[in-house]
Amino acid sequence: MAAPFASQHSPSFPALLRELGVSLAVSTYQAGQLILLRDQGGVLNTHFCALDTPMGVATSRERLTVGTGFQVWEYANLPAVTSKLPAAMAGCDACYLPRRVHVTGDIDSHELAYAGDQTLWLVNTRMSCLCTLERGYSAVPRWRPFFVSAYDLGDRCHLNGLAMREGAPAYVTALGETDTPGGWRERKAEGGVLLQVDTQRVLARDLSMPHSPRWHGGKLWFLESGVGALSFLDAAANRTRRVAELPGFTRGLDFVGRYAFVGLSQVRETAVFAGLPLTARVAERQCGVFVVDTERRQVVAMVSFSGSVREIFAVQVLPWRCPAVLDMDDPLVPVSYALPDAALAEVAPTDPVQRQLERAAALQQQGALDKALEIYQAVRQGHPENLVAGFRLGVALAEAERYREALSELDRVLRHQPQHAEAANARGHCLARLGELAPALAAYEQAIAVDRQYAAAHFNRGVVLLQLGRYREAWPEYEWRSQLPGASSFPCPQPLWQGQDISEQILLVHTENDLGEALLFARFLPRAAGRCRKLVLVCPESLRELFAAVEGVAELHNPDAIPLDCFDLYCPISGLPGRLDVTLESLSGGTTYLHTPHQRPVPAPGRGRAARIGVAWSDWGGGGPRPGHRLALRSLLPLFDEAGCEWFSLQRSLAREDATLLEERGVHNLESKLTDYSRVAAYLDTLDLLLTGDNVLAHLAGALGKPVWILLDISPQWYWLREREASPWYPTARLFRRVPGAGWEGSIERVRASLEKFRLPGPERNSNPQAESP
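All values reported here derive from a predicted model rather than from experimental measurement.

What counts, and where the lines are drawn
Residues numbered from 1 in each chain as written. Predicted model: local features only at pLDDT ≥ 70, side-chain atom pairs only at ≥ 80, totals over all residues. Heavy atoms only, no water. Helix = DSSP H or I, 4+ residues; strand = E, 2+ residues; numbered from the N terminus. Rg over C-alpha atoms; globule rule 2.2 N^0.38 Å. Buried < 20%, exposed > 50% of the residue type's maximum accessible area, 1.4 Å probe, protein only. Contact = heavy atoms within 4.5 Å. Areas by Shrake-Rupley, 256 points an atom, 1.4 Å probe, with all protein chains shown as cover. Pairing = 2+ DSSP bridges. Axes fitted to C-alpha atoms, helices over the stretch in contact; angles between N-to-C directions. Polar contact = N/O pair within 3.5 Å; in protein donor to acceptor, adjacent residues only side chain to side chain. Arc of directions from axis to C-beta. Parallel < 35°, antiparallel > 145°, perpendicular 65-115°, else oblique. Nonpolar A, V, L, I, M, F, W, Y, C, P; charged D, E, K, R; others polar. Patch = residues over 30% accessible without salt bridge, like charges linked within 9 Å, V, L, I, M, F, W, Y side chains within 5 Å. Salt bridge = Lys/Arg side-chain N within 4 Å of Asp/Glu carboxyl O.

A.B. asks: Explain the overall build of the chain residue by residue, including any values.
C.D. replies: Counting its regular elements, the chain contains 20 helices and 36 strands. Scaling as 2.2 N^0.38, a compact globule of 774 residues should have a C-alpha radius of gyration of about 28 Å, and the chain matches this with 29 Å. Summarising its shape, the C-alpha atoms of the chain cover approximately 80 × 75 × 60 Å along the three principal directions. Counting only residues that meet the buried cut, the chain has 56% of its 774 residues in that class. Residue pairs at least 24 apart in sequence account for 61% of intrachain contacts in the chain once pairs closer than 6 positions are excluded. Total accessible area computed for the chain in this model is approximately 32,800 Å², and 49% of it derives from carbon and sulfur atoms.

So this is what it looks like as structure tokens:
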């Protein structure tokens, strides 16, 4: 739940998208995402593409263009790529791939639009002008309001919106008729203007933060964001008229027929947004997209966002029912090609074996592993000399958790090519998953001997050393995680702290992608604070309340709001144990180091004197699914029949089938109440015990000192070590390990037997639920 995304929608929202045959692209610079909203069988489906502060969005024919922090990204629709998408994305009818990036510099570009000649126009907010793009220039200024006397980067009037009419820029919005840097801020609540481009005529004044002008249906529409209104200009009466007032800061607008798709933001309580009419009118503002029927003047559909997405900039209708947008690092991008028809006619035929291997790789990526294995095995049998086929077969067998068979193939490859580092690394993975850690170490070391910069092999070796409890050797290898594909980065000019004396300097510690490890390693923040003059912590909003009370944390920041002059050195939180020379023997896990914020009390759930037990079985976000973890709700059903227990589901992102099962078995479903980790902690405080899988909740309960029983698969995460029933990291934890070759039944039966010892007859509860050994 690293700043978790959640949404709720009216049934009419996906139904309307389906009826119109369209989807929506929604940009949120605050969350760094381009979000596609699509109908999928009557349910709203969301598809994400990560970008750096995306804002304006424009479409033209087969192009999708997005303005970001200092760049403009152009995507092209390659429909043929839809057949290669993973199974989870089956049914897509368009696929946008990145094709070109233009670096504009930090001009704070807002809205984008294509002219009739396919020229892209953009609002250059910092320079208070409209621009086009040309190779060799950051941007080419083409027009500025009559009241702006010169170009500079001072954001003189906060020009923000652009409307096209008959294929040319026609109307703009600005937050003030001002000609000094930031001058618009003085009358931001009522100083906005709507201008006509060609005549420089002011069409409307005294508007509250106008945005998103659009010419549609013979009318000039716009959003009066400071009021939360959708309005249009009544030219005959020379006045503006409001069609709808909505519960949020309105920004982002597009139309299909009589329907207006309007973006809403919660707006932050900052100087920029203080004193707006909206904040006085609506106390609880929403973020999402509302659909207004402009003829009936009423909201007919809506989707509301919560969690990580709190502000929206652009809302753009796409002429596809189910499009996809690929990130630059998507594996399909480097292997997808667009060529002119004449060139395609002269492309040489592909080698049949190579074509089979490429098809198998595509199937494997789509999740059709069984079909991919059939092809790999057929190629392997027909061409035993083809070591590429043998290697790929071994990797696919490992993915299918058929580790012994995978080892047979990988060993054959290594006999012929002992310098095959990838095969040695894959062999180590198989051995580690089988619990054969010493041979796994040797395999990883073989890979490293071939390629000393092989980050995955170094990292995997570090994980095995951690599993073995050899922490001092492991931490340097674990540092290689920062070089893995998809690893979080923290770009800044300050140096990385290496563990040296910094008693006179300020240290910034930042969390990474895995929030389970953030909770695990938060115990070391007080020790790190003792090494420096001041400790600054950067963490997602979802952890802010919990971490604010951690000893030694002097200052907290969100990842998107870090002043570069507030620290001297930095360190990822997962790097602290290595720099503090933490060993298994030196772990002092007896201290509760996280506490429920006092301002977040919740009513104690339950009805009587039964033991109140929380339960979660699946991945909970905050670091990705745990490999090999296949625990399902149905495995736990026998426990819900135990007398003297009242059960509460703390599972997030419930499937419909699971929600129905919970209701049938009388389990309280708390999903809608778990808005952030502070809230989850507050509910944990009201429970007697948490039963969970290997997920972030296990760490939260352990850090809070709550009794927690953890169901572990055969090869769990490194911090649970091997064969133990107790954890040196969390004294209140009990570990129930699945037996190799068996299902979950044995673990569940051990939990059931332990519950009988956990409960005491009569009104009193067991005050020490972890006392009995499983």
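Here the narrative resumes, following the displayed structure.
A.B. asks: I'd love a proper account of the pairing of strand E5 (residues 57-60), names of residues and values included.
C.D. replies: Sheet topology places E5 next to strand E6 (residues 63-67); 4 bridges connect them, and they run antiparallel. Within E6, the position partnered with Val 57 by the bridge is Val 66. The hairpin turn running from E5 into E6, its antiparallel successor, is 2 residues long, and Arg 61 in that turn takes a positive phi close to 55 degrees.

A.B. asks: For the sheet that holds strand E3 (residues 33-40), give the residues involved together with the corresponding values.
C.D. replies: What holds strands together in a sheet is hydrogen bonding between their backbones, with the strands either parallel or antiparallel. A sheet is described by the order of its strands in space; here 4 strands give the open sequence E4-E3-E2-E25, paired in antiparallel fashion. Each of the sheet's edge strands pairs with one partner strand only, and the pair in question is strand E4 (43-50) and strand E25 (315-318). Strand after strand, the sheet turns through a mean of 25 degrees between neighbouring axes, direction not considered. In this sheet, E3 lies alongside strand E2 (residues 23-28) in antiparallel orientation, the contact comprising 5 bridges. Bridge assignment links Val 26 to a residue of E3, and that residue is Ile 35.

A.B. asks: Mind laying out the environment of Glu 517, listing which residues take part and the relevant values?
C.D. replies: If you trace the backbone, Glu 517 turns up in helix H12 (residues 515-521). What makes Glu 517 buried here is its relative accessible area of 6%. Distance in space between the C-alpha atoms of Glu 517 and Leu 700 is 10 Å, their sequence separation being 183 residues. A distance of 2.2 Å separates a polar atom in the side chain of Glu 517 from a polar atom in the side chain of Tyr 478.

A.B. asks: Any details on helix H17 (residues 656-664)? Residues and values, ideally.
C.D. replies: For an α-helix, the turn length of 3.6 residues means that residues three or four places apart are oriented alike. Within H17, burial applies to Asp 658, Leu 661 and Leu 662. Within H17, the buried residues cover an arc of 100 degrees as seen down the axis, which keeps them to one side. Exposed side of H17, more than 90 degrees from the buried face: Arg 656, Glu 663 and Glu 664 are the residues found there. With its phi angle positive at about 75 degrees, Gly 666 sits one or two positions after the end of H17.

A.B. asks: Go over the sheet that holds strand E14 (residues 168-174) with me, naming the residues and quoting the values.
C.D. replies: Here we have 4 strands laid out as an open sheet, ordered E13-E14-E15-E16, and antiparallel in their pairing. In this open sheet, the two strands that pair with only one neighbour each are strand E13 (159-165) and strand E16 (202-207). The average undirected angle you get between the axes of adjacent strands in this sheet is 15 degrees. As judged from the 3 bridges shared by strand E15 (residues 192-196) and E16, these two strands associate in the antiparallel manner. Opposite Leu 195, over in E16, you have Val 202 as the bridge partner.

A.B. asks: Go over the packing of helix H14 (residues 541-548) against helix H18 (residues 677-685) with me, naming the residues and quoting the values.
C.D. replies: With their axes 7 Å apart at the nearest point, H14 and H18 run at an angle of 55 degrees to one another. Taken together, the axis directions place H14 and H18 in an arrangement best described as oblique. Contacts between H14 and H18 involve Ser 542, Leu 543, Glu 545 and Leu 546 from the first element and Tyr 677, Ser 678 and Ala 681 from the second. Its residues assigned to classes, the contact of H14 with H18 comprises 4 nonpolar, 2 polar and 1 charged.

A.B. asks: Quick rundown of a nonpolar patch on the surface? Include the residues and the values.
C.D. replies: A cluster of nonpolar residues, Val 335, Tyr 337, Leu 339, Leu 344 and Val 347, forms a patch on the protein surface that exposes about 510 Å² of accessible area. Along the chain, the position of Leu 339 falls in the loop between strand E26 (323-325) and helix H3 (341-344).

A.B. asks: For the environment of Arg 612, give the residues involved together with the corresponding values.
C.D. replies: Looking at the element boundaries, Arg 612 is found in strand E31 (residues 611-616). Separated by 370 residues in the primary sequence, Arg 612 and Arg 242 have C-alpha atoms spaced 52 Å apart.

A.B. asks: Summarise the side chain of His 699; cite the residues concerned and give the values.
C.D. replies: Relative to the elements of secondary structure, His 699 occurs in helix H19 (residues 696-703). In this structure His 699 touches Gly 516, Leu 519, Leu 520, Tyr 719, Trp 720 and Tyr 730, once residues within four positions along its chain are discounted.

A.B. asks: Tell me about the side chain of Asn 558, and please be specific about residues and values.
C.D. replies: Following the sequence through the fold, Asn 558 ends up in the loop between strand E29 (555-557) and strand E30 (569-572). Residue Asn 558 is classed as buried on the basis of its relative accessible area of 17%. Only 2.9 Å separates the side chain of Asn 558 from the side chain of Glu 541, close enough to count as a polar contact. There is a polar contact of 3.5 Å between the side chain of Asn 558 and the side chain of Arg 544. Discounting residues that sit within four places of it in the chain, Asn 558 has contacts with Val 538, Cys 539, Pro 540, Glu 541 and Arg 544.

A.B. asks: Outline unusual backbone geometry, supporting the account with residue identities and numerical values.
C.D. replies: One non-glycine residue, Met 209, lies in the positive phi region at around 50 degrees. For Met 209, the position within the fold is in the loop between E16 and strand E17 (210-216). Residue classification places Met 209 among the buried positions, given a relative accessible area of 3%. Its identity is not glycine, yet Asp 581 carries a phi of approximately 55 degrees, on the positive side. Mapped onto the fold, Asp 581 is located in the loop between helix H15 (576-579) and E31. Classification of Asp 581 as partly exposed rests on a relative accessible area of 38%.

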